[in-house]
Amino acid sequence: MKAVRFERYGDIDVLDVVEVPDPAPGEGEVLVRVKAAGINPGEASIRKGMYREQWPATFPSGQGSDLAGVVDRVGPGADRWQPGDEVIGFTHSRASQAELVVVDAEHLTPRPPQVPWDVAGALFVAGTTAWAAVRAVGVSEDDVIVISGAAGGVGTIAVALARNAGAQVIGLAGEPHHRWLRDRGAIPVTYGDGVAERIKAASGGRVDALIDTFGSGYVDLAIDLGVAPERIDTIVDFQSAARHGVKTEGNAAGARAEVLAELAALIADGRLELPIARTYPLEQVRDAYRELEQRHTLGKIVLLP
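### Observations concerning helix α10 (residues 257-268)
In step 1: Under the 1.5 Å per step criterion, the end-to-end length of α10 is 16 Å for 12 residues, consistent within 8% with the ideal 16 Å.
In step 2: Within α10, the full set of buried residues consists of A257, V259, L260, L263, A264, L266 and I267.
In step 3: Residues of α10 that are buried in the fold lie against β5 (86-90), β7 (108-110), α2 (117-121), α3 (123-136), α4 (153-164) and α9 (251-254).
In step 4: Taken from the residues just after α10, G270 is the one with a positive phi, measuring 80°.

### Points about the pairing of strand β14 (residues 300-304)
In step 1: Summarising burial for β14: 4 of the 5 residues are buried, a large majority.
In step 2: Across 5 bridges, strand β13 (residues 276-281) lies against β14 in parallel orientation. By the bridge assignment, P281 is partnered in β14 with L304.
In step 3: After leaving β13, the chain enters helix α11 (residues 285-292) and then returns to the sheet as β14, a path that is right-handed.

### Structural notes on the nonpolar core
In step 1: L123, I145, I147, I157 and L161 are the most contacted members of the largest nonpolar core, which totals 49 residues.
In step 2: The element best represented in this core is α3, accounting for 9 residues.
In step 3: The residues contacting L123, other than those within four sequence positions of it, are D66, T128, I157, L260, L263, A264, I267 and L274.
In step 4: Listed in part, the 18 residues of the second largest apolar core include V219, A222, V227 and I232.

Reading guide: rules and limits
Every chain is numbered on its own, with residues counted from 1 as its sequence reads. Confidence filtering applies because this is a predicted model: local features only for residues at pLDDT of at least 70, side-chain atom pairs given and counted only at 80 or more, and all residues used for totals across whole chains, interfaces and linings. Only heavy atoms go into the side-chain values, all of them from the structure, while hydrogens and water stay out. We count a stretch as a helix when DSSP gives it H or I for four or more residues in a row; a strand needs E for two or more, and each element gets its number in order from the N terminus. Given a helix with a known number of residues, its expected span is that number minus one, times 1.5 Å. Only protein chains enter the area calculation, which uses a 1.4 Å probe; residues under 20% of their type maximum are buried, those over 50% are exposed, and those in between are partly exposed. Note on definitions: a residue-residue contact is assigned when non-hydrogen atoms from the two residues lie within 4.5 Å. Should DSSP find at least two bridges between two strands, the strands are regarded as paired. A crossover gets the label right-handed when its path from the first strand over the helix to the second runs clockwise, viewed with the strands pointing away from the viewer. Buried Ala, Val, Leu, Ile, Met, Phe, Trp, Tyr and Cys residues form a nonpolar core when they are joined through side-chain atoms within 4.5 Å.

Printed below as a string of C-alpha coordinates:
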(Lines give C-alpha, C1' and ligand atoms only; values in the text may rest on other atoms or scores of the structure.)
Protein backbone atom coordinates (compact mmCIF):
# COMPACT_ATOMS: atom_id res chain seq x y z
CA MET A 1 0.00 0.00 0.00
CA LYS A 2 0.96 3.67 -0.29
CA ALA A 3 1.49 5.68 2.90
CA VAL A 4 2.92 9.02 3.99
CA ARG A 5 6.28 8.72 5.73
CA PHE A 6 9.05 10.98 6.98
CA GLU A 7 12.54 9.86 8.05
CA ARG A 8 13.63 12.93 10.03
CA TYR A 9 12.23 16.12 11.52
CA GLY A 10 12.00 18.95 9.06
CA ASP A 11 10.00 21.05 6.65
CA ILE A 12 7.49 19.88 4.07
CA ASP A 13 10.19 18.36 1.90
CA VAL A 14 10.77 15.51 4.38
CA LEU A 15 7.33 14.10 3.53
CA ASP A 16 7.17 11.25 1.04
CA VAL A 17 4.58 8.80 -0.19
CA VAL A 18 6.11 5.33 -0.25
CA GLU A 19 5.13 1.70 -0.72
CA VAL A 20 4.94 -0.23 2.57
CA PRO A 21 3.55 -3.67 3.48
CA ASP A 22 -0.19 -3.89 4.06
CA PRO A 23 -0.95 -3.91 7.80
CA ALA A 24 -3.00 -6.68 9.40
CA PRO A 25 -5.56 -6.25 12.21
CA GLY A 26 -4.83 -7.86 15.55
CA GLU A 27 -7.01 -8.58 18.57
CA GLY A 28 -9.79 -5.99 18.83
CA GLU A 29 -8.65 -4.20 15.66
CA VAL A 30 -10.13 -3.41 12.27
CA LEU A 31 -8.38 -2.82 8.95
CA VAL A 32 -9.94 0.17 7.17
CA ARG A 33 -9.45 1.12 3.52
CA VAL A 34 -9.17 4.89 3.81
CA LYS A 35 -11.32 7.08 1.58
CA ALA A 36 -10.48 10.41 3.27
CA ALA A 37 -7.98 11.61 5.87
CA GLY A 38 -7.92 15.16 7.20
CA ILE A 39 -4.67 16.99 7.92
CA ASN A 40 -4.03 19.16 10.97
CA PRO A 41 -1.62 21.87 12.18
CA GLY A 42 -0.49 19.69 15.08
CA GLU A 43 0.81 17.10 12.63
CA ALA A 44 2.97 19.74 10.96
CA SER A 45 4.32 20.80 14.35
CA ILE A 46 5.19 17.19 15.25
CA ARG A 47 6.91 16.74 11.87
CA LYS A 48 9.01 19.85 12.51
CA GLY A 49 10.09 18.47 15.91
CA MET A 50 8.35 21.18 17.92
CA TYR A 51 6.83 18.60 20.30
CA ARG A 52 9.69 16.10 20.33
CA GLU A 53 9.85 16.17 24.14
CA GLN A 54 6.13 15.41 24.62
CA TRP A 55 5.43 13.29 21.53
CA PRO A 56 8.69 12.07 19.96
CA ALA A 57 8.57 10.49 16.54
CA THR A 58 9.96 7.05 15.84
CA PHE A 59 11.47 6.99 12.36
CA PRO A 60 10.35 6.20 9.79
CA SER A 61 7.18 7.89 11.01
CA GLY A 62 3.71 7.79 9.55
CA GLN A 63 1.30 10.66 9.91
CA GLY A 64 -2.34 11.39 10.59
CA SER A 65 -5.17 10.70 13.04
CA ASP A 66 -8.39 11.52 11.14
CA LEU A 67 -9.97 8.94 8.85
CA ALA A 68 -13.09 7.71 7.14
CA GLY A 69 -13.31 4.61 5.02
CA VAL A 70 -14.62 1.12 4.48
CA VAL A 71 -13.88 -1.86 6.71
CA ASP A 72 -11.61 -4.25 4.79
CA ARG A 73 -10.83 -6.94 7.40
CA VAL A 74 -11.78 -7.57 11.01
CA GLY A 75 -9.47 -8.97 13.68
CA PRO A 76 -10.44 -11.33 16.51
CA GLY A 77 -12.73 -9.72 19.08
CA ALA A 78 -13.89 -6.92 16.78
CA ASP A 79 -17.12 -8.62 15.78
CA ARG A 80 -19.18 -5.43 15.88
CA TRP A 81 -17.77 -4.57 12.45
CA GLN A 82 -18.03 -6.40 9.13
CA PRO A 83 -16.18 -5.96 5.83
CA GLY A 84 -17.96 -3.30 3.79
CA ASP A 85 -19.08 -1.21 6.79
CA GLU A 86 -18.62 2.53 6.19
CA VAL A 87 -16.98 4.15 9.20
CA ILE A 88 -15.57 7.35 10.69
CA GLY A 89 -12.73 7.00 13.15
CA PHE A 90 -9.30 7.85 14.41
CA THR A 91 -5.94 6.34 15.23
CA HIS A 92 -3.34 7.35 17.80
CA SER A 93 -0.61 5.60 15.79
CA ARG A 94 0.14 8.39 13.27
CA ALA A 95 -1.02 6.21 10.43
CA SER A 96 -4.23 7.47 8.78
CA GLN A 97 -2.58 9.19 5.81
CA ALA A 98 -2.36 5.93 3.88
CA GLU A 99 -4.44 3.62 1.74
CA LEU A 100 -4.99 1.18 4.62
CA VAL A 101 -4.87 1.68 8.38
CA VAL A 102 -5.37 -0.58 11.39
CA VAL A 103 -7.78 0.99 13.90
CA ASP A 104 -8.91 0.00 17.37
CA ALA A 105 -12.49 -1.22 16.93
CA GLU A 106 -13.61 1.11 19.73
CA HIS A 107 -12.32 4.11 17.79
CA LEU A 108 -14.86 3.74 14.99
CA THR A 109 -18.43 4.84 14.50
CA PRO A 110 -20.78 4.31 11.52
CA ARG A 111 -20.73 6.97 8.81
CA PRO A 112 -24.22 8.44 8.30
CA PRO A 113 -24.94 8.52 4.56
CA GLN A 114 -25.67 12.26 4.78
CA VAL A 115 -22.08 12.97 5.83
CA PRO A 116 -19.80 13.26 2.76
CA TRP A 117 -16.59 11.26 2.77
CA ASP A 118 -14.29 14.28 2.82
CA VAL A 119 -16.15 15.79 5.78
CA ALA A 120 -16.21 12.45 7.61
CA GLY A 121 -12.47 12.01 7.10
CA ALA A 122 -11.70 15.46 8.52
CA LEU A 123 -13.95 15.32 11.57
CA PHE A 124 -11.96 13.73 14.39
CA VAL A 125 -9.27 16.21 15.47
CA ALA A 126 -11.14 19.41 14.66
CA GLY A 127 -14.51 18.14 15.84
CA THR A 128 -13.51 16.63 19.16
CA THR A 129 -11.26 19.60 19.91
CA ALA A 130 -14.07 22.07 19.33
CA TRP A 131 -16.52 19.89 21.27
CA ALA A 132 -14.18 19.84 24.29
CA ALA A 133 -13.34 23.55 24.13
CA VAL A 134 -16.99 24.64 24.02
CA ARG A 135 -17.73 22.50 27.06
CA ALA A 136 -14.60 23.67 28.87
CA VAL A 137 -15.77 27.29 28.88
CA GLY A 138 -19.34 26.36 29.79
CA VAL A 139 -21.11 27.98 26.84
CA SER A 140 -24.79 28.49 27.49
CA GLU A 141 -27.74 30.49 26.21
CA ASP A 142 -27.24 34.27 26.02
CA ASP A 143 -23.46 34.06 26.57
CA VAL A 144 -21.21 36.25 24.46
CA ILE A 145 -18.23 34.20 23.31
CA VAL A 146 -15.23 35.17 21.22
CA ILE A 147 -13.59 32.49 19.05
CA SER A 148 -10.19 33.18 17.51
CA GLY A 149 -9.39 31.42 14.26
CA ALA A 150 -13.14 31.16 13.73
CA ALA A 151 -12.82 30.22 10.06
CA GLY A 152 -10.36 27.37 10.68
CA GLY A 153 -11.16 23.69 11.10
CA VAL A 154 -11.68 23.83 14.88
CA GLY A 155 -13.09 27.35 14.78
CA THR A 156 -15.87 26.65 12.29
CA ILE A 157 -17.13 23.73 14.39
CA ALA A 158 -16.82 25.68 17.66
CA VAL A 159 -18.87 28.50 16.11
CA ALA A 160 -21.67 26.09 15.24
CA LEU A 161 -21.63 24.32 18.60
CA ALA A 162 -21.71 27.62 20.48
CA ARG A 163 -24.56 28.89 18.30
CA ASN A 164 -26.44 25.62 18.89
CA ALA A 165 -26.09 26.30 22.63
CA GLY A 166 -27.75 29.70 22.17
CA ALA A 167 -24.67 31.90 22.54
CA GLN A 168 -23.85 35.07 20.65
CA VAL A 169 -20.62 34.31 18.81
CA ILE A 170 -17.98 36.82 17.78
CA GLY A 171 -15.72 35.14 15.27
CA LEU A 172 -12.23 36.51 14.67
CA ALA A 173 -11.23 35.92 11.05
CA GLY A 174 -9.87 37.54 7.92
CA GLU A 175 -12.32 39.57 5.86
CA PRO A 176 -12.58 36.97 3.04
CA HIS A 177 -14.32 34.67 5.54
CA HIS A 178 -16.67 37.22 7.12
CA ARG A 179 -19.62 36.42 4.89
CA TRP A 180 -19.37 32.71 5.70
CA LEU A 181 -19.44 33.46 9.43
CA ARG A 182 -22.24 36.00 9.12
CA ASP A 183 -24.38 33.56 7.15
CA ARG A 184 -24.05 31.11 10.04
CA GLY A 185 -25.16 33.51 12.74
CA ALA A 186 -21.80 34.73 14.00
CA ILE A 187 -20.59 38.32 14.19
CA PRO A 188 -17.33 38.49 12.21
CA VAL A 189 -14.52 40.70 13.51
CA THR A 190 -11.20 41.22 11.74
CA TYR A 191 -8.11 40.23 13.74
CA GLY A 192 -4.99 42.40 14.04
CA ASP A 193 -4.27 45.83 15.47
CA GLY A 194 -7.28 47.31 17.26
CA VAL A 195 -9.07 43.97 17.65
CA ALA A 196 -9.92 44.63 21.32
CA GLU A 197 -11.87 47.76 20.43
CA ARG A 198 -13.63 45.99 17.57
CA ILE A 199 -14.64 43.16 19.91
CA LYS A 200 -15.98 45.63 22.45
CA ALA A 201 -18.00 47.39 19.75
CA ALA A 202 -19.42 44.11 18.46
CA SER A 203 -20.23 42.75 21.92
CA GLY A 204 -21.54 45.88 23.56
CA GLY A 205 -18.60 45.71 25.96
CA ARG A 206 -19.44 42.30 27.40
CA VAL A 207 -17.50 39.08 26.75
CA ASP A 208 -18.32 36.02 28.85
CA ALA A 209 -15.96 33.44 27.34
CA LEU A 210 -13.17 33.03 24.80
CA ILE A 211 -11.89 30.02 22.86
CA ASP A 212 -8.44 30.47 21.35
CA THR A 213 -7.65 28.20 18.40
CA PHE A 214 -4.86 30.36 16.95
CA GLY A 215 -2.44 31.61 19.62
CA SER A 216 -0.63 34.94 19.14
CA GLY A 217 -1.80 36.68 22.30
CA TYR A 218 -5.50 35.85 22.49
CA VAL A 219 -5.26 34.51 26.05
CA ASP A 220 -3.81 37.83 27.17
CA LEU A 221 -6.52 39.61 25.20
CA ALA A 222 -9.23 37.62 26.96
CA ILE A 223 -7.80 38.56 30.37
CA ASP A 224 -7.65 42.22 29.31
CA LEU A 225 -11.31 42.00 28.22
CA GLY A 226 -12.23 40.86 31.73
CA VAL A 227 -13.02 37.23 30.93
CA ALA A 228 -12.68 34.96 33.96
CA PRO A 229 -9.77 32.48 33.57
CA GLU A 230 -12.07 29.49 34.06
CA ARG A 231 -14.02 30.61 30.96
CA ILE A 232 -10.98 30.83 28.68
CA ASP A 233 -9.72 27.81 26.77
CA THR A 234 -6.72 27.72 24.44
CA ILE A 235 -5.65 24.77 22.33
CA VAL A 236 -2.40 26.49 21.26
CA ASP A 237 -0.91 28.95 23.75
CA PHE A 238 0.09 26.72 26.66
CA GLN A 239 2.62 29.17 28.12
CA SER A 240 -0.02 31.89 28.49
CA ALA A 241 -2.46 29.32 29.84
CA ALA A 242 -0.02 28.39 32.61
CA ARG A 243 0.65 32.04 33.39
CA HIS A 244 -3.01 32.97 33.73
CA GLY A 245 -4.46 29.66 34.94
CA VAL A 246 -6.80 29.21 31.97
CA LYS A 247 -7.97 25.92 30.48
CA THR A 248 -6.27 23.91 27.75
CA GLU A 249 -8.89 21.28 27.00
CA GLY A 250 -8.94 20.02 23.44
CA ASN A 251 -8.74 16.83 21.43
CA ALA A 252 -7.60 14.61 24.31
CA ALA A 253 -10.71 15.55 26.29
CA GLY A 254 -13.06 14.55 23.48
CA ALA A 255 -11.23 11.70 21.74
CA ARG A 256 -14.01 9.12 21.84
CA ALA A 257 -16.08 7.41 19.19
CA GLU A 258 -19.21 8.54 21.04
CA VAL A 259 -18.25 12.18 20.48
CA LEU A 260 -17.58 11.49 16.79
CA ALA A 261 -21.02 9.88 16.52
CA GLU A 262 -22.63 12.93 18.15
CA LEU A 263 -20.88 15.33 15.77
CA ALA A 264 -21.67 13.21 12.72
CA ALA A 265 -25.34 13.14 13.73
CA LEU A 266 -25.35 16.95 13.97
CA ILE A 267 -23.91 17.17 10.46
CA ALA A 268 -26.48 14.69 9.17
CA ASP A 269 -29.26 16.77 10.77
CA GLY A 270 -27.97 20.02 9.25
CA ARG A 271 -27.04 21.53 12.61
CA LEU A 272 -23.28 21.45 12.06
CA GLU A 273 -21.14 22.22 9.04
CA LEU A 274 -17.48 21.49 8.40
CA PRO A 275 -16.36 23.33 5.26
CA ILE A 276 -13.75 21.61 3.12
CA ALA A 277 -11.30 24.11 1.65
CA ARG A 278 -9.66 21.65 -0.73
CA THR A 279 -8.93 17.99 -1.28
CA TYR A 280 -5.64 16.54 -2.53
CA PRO A 281 -4.65 13.07 -3.69
CA LEU A 282 -2.33 11.31 -1.26
CA GLU A 283 0.62 11.80 -3.60
CA GLN A 284 0.29 15.59 -3.21
CA VAL A 285 0.69 15.53 0.58
CA ARG A 286 3.42 18.19 0.41
CA ASP A 287 1.11 20.57 -1.46
CA ALA A 288 -1.65 19.92 1.07
CA TYR A 289 0.56 20.83 4.03
CA ARG A 290 2.03 23.80 2.19
CA GLU A 291 -1.48 25.25 1.93
CA LEU A 292 -2.37 24.27 5.50
CA GLU A 293 0.67 26.00 6.97
CA GLN A 294 -0.30 29.32 5.44
CA ARG A 295 -3.16 29.32 7.99
CA HIS A 296 -5.68 31.09 5.78
CA THR A 297 -8.00 28.30 4.64
CA LEU A 298 -11.69 28.12 5.45
CA GLY A 299 -12.31 24.85 7.28
CA LYS A 300 -10.31 21.73 6.48
CA ILE A 301 -7.90 20.30 3.90
CA VAL A 302 -8.31 16.60 3.17
CA LEU A 303 -6.21 13.87 1.57
CA LEU A 304 -7.97 11.33 -0.63
CA PRO A 305 -5.87 8.11 -0.78
